[in-house]
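One-letter residues, chain by chain:
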Amino acid sequence: MQRTIKHIVLVFGLAIAFVSCNDGKSLQTYFVDNQESSNFITQDIPISMVKIDDSKFTEEQKEAYNSVKRLNFLGYKVEGTEAETFKAELAKVKTILSDKKYHDLMEFSDKGNKIVVKYIGTEDEADEVIIFGSADELGFGIVRVLGNNMNPDKMVTLVSAMQNANVDENQVQDIVNFFK
């Protein structure tokens, strides 16, 4: 009898392990897999270290800004004749972001470059907001916005406000230098 119970528990445990394993790539694993690669740069930025003039933000934009706790950045720089490698890495990211768990929030062009904003979570609360942009001559960048009680609709207004915000470039100088 005990042996049967042990077998049932073992089979049940193995079944849970197989069901919980996920072969699908996530953005988080992509970040970890590439953080030490030569053409990549990563930076983890606590929002408390980013000084932004929010005096022109609406209450909704201020609420969205205050819900953000940390930014994770991963950038890929195109160098020389590595166009095929760039296209392969870009395809990996696009495949990850095409997963149904990433909900479209907005798309726009900035200086001819396409920017895509997506989120993971519900319509009322985003667990993570993803900002992805690429340029064939420079490379691509992904920002994972992490925080508490982030509302996707309010995040849209924040992203719009950030396009015109006065951000001190010294705070992101490593990233700017990487793409030069």
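Since the structure is predicted, the reported quantities are computational estimates derived from the model, not experimental observations. The numbers attached to residues start from 1 for each chain and follow its sequence in the written order. Only residues with pLDDT of at least 70 get local features here, since the model is predicted, and only at 80 or more are side-chain atom pairs given and counted; chain-wide, interface and lining totals rely on the full set of residues. With hydrogens and water set aside, each side-chain value is computed from the structure's full complement of heavy atoms.

*Asks:* Break down the overall build of the protein for me, with residues and values.
*Replies:* Secondary structure follows DSSP: runs of H or I at least 4 residues long count as helices, runs of E at least 2 residues long count as strands, and numbering of each begins at the N terminus. The number of helices and strands found in the protein is six helices and six strands. Listing the helices and strands of the protein from first to last along the sequence gives α-α-β-α-β-α-β-β-β-β-α-α. When each of the 180 residues of the protein is scored for burial, the buried share is 37%. Contacts between residues were defined by any pair of non-hydrogen atoms, one from each residue, lying within 4.5 Å. Long-range contacts, defined as pairs at least 24 residues apart, comprise 64% of the intrachain contacts of the protein with a sequence gap of at least 6. Here the accessible surface of atoms and residues is derived via Shrake-Rupley with a 1.4 Å probe, and residues count as covered only by protein chains that are part of the display. Accessible surface, the protein: about 11500 Å² in total, of which carbon and sulfur atoms supply 52%. Only protein chains enter the accessibility calculation, which uses a 1.4 Å probe; a residue is then buried when its area is under 20% of its type maximum, exposed when over 50%, and partly exposed in between.

*Asks:* Please provide a residue-by-residue account of the pairing of strand S3 (residues 103-110), values included.
*Replies:* With seven bridges joining them, S3 and strand S4 (residues 113-121) adopt antiparallel strand pairing. Bridge assignment links Met106 to a residue of S4, and that residue is Val117. What makes two strands pair is DSSP finding at least two bridges between them. Here S3 folds back onto S4, and the loop between the two strands holds two residues, one of which, Lys111, carries a positive phi near 55°.

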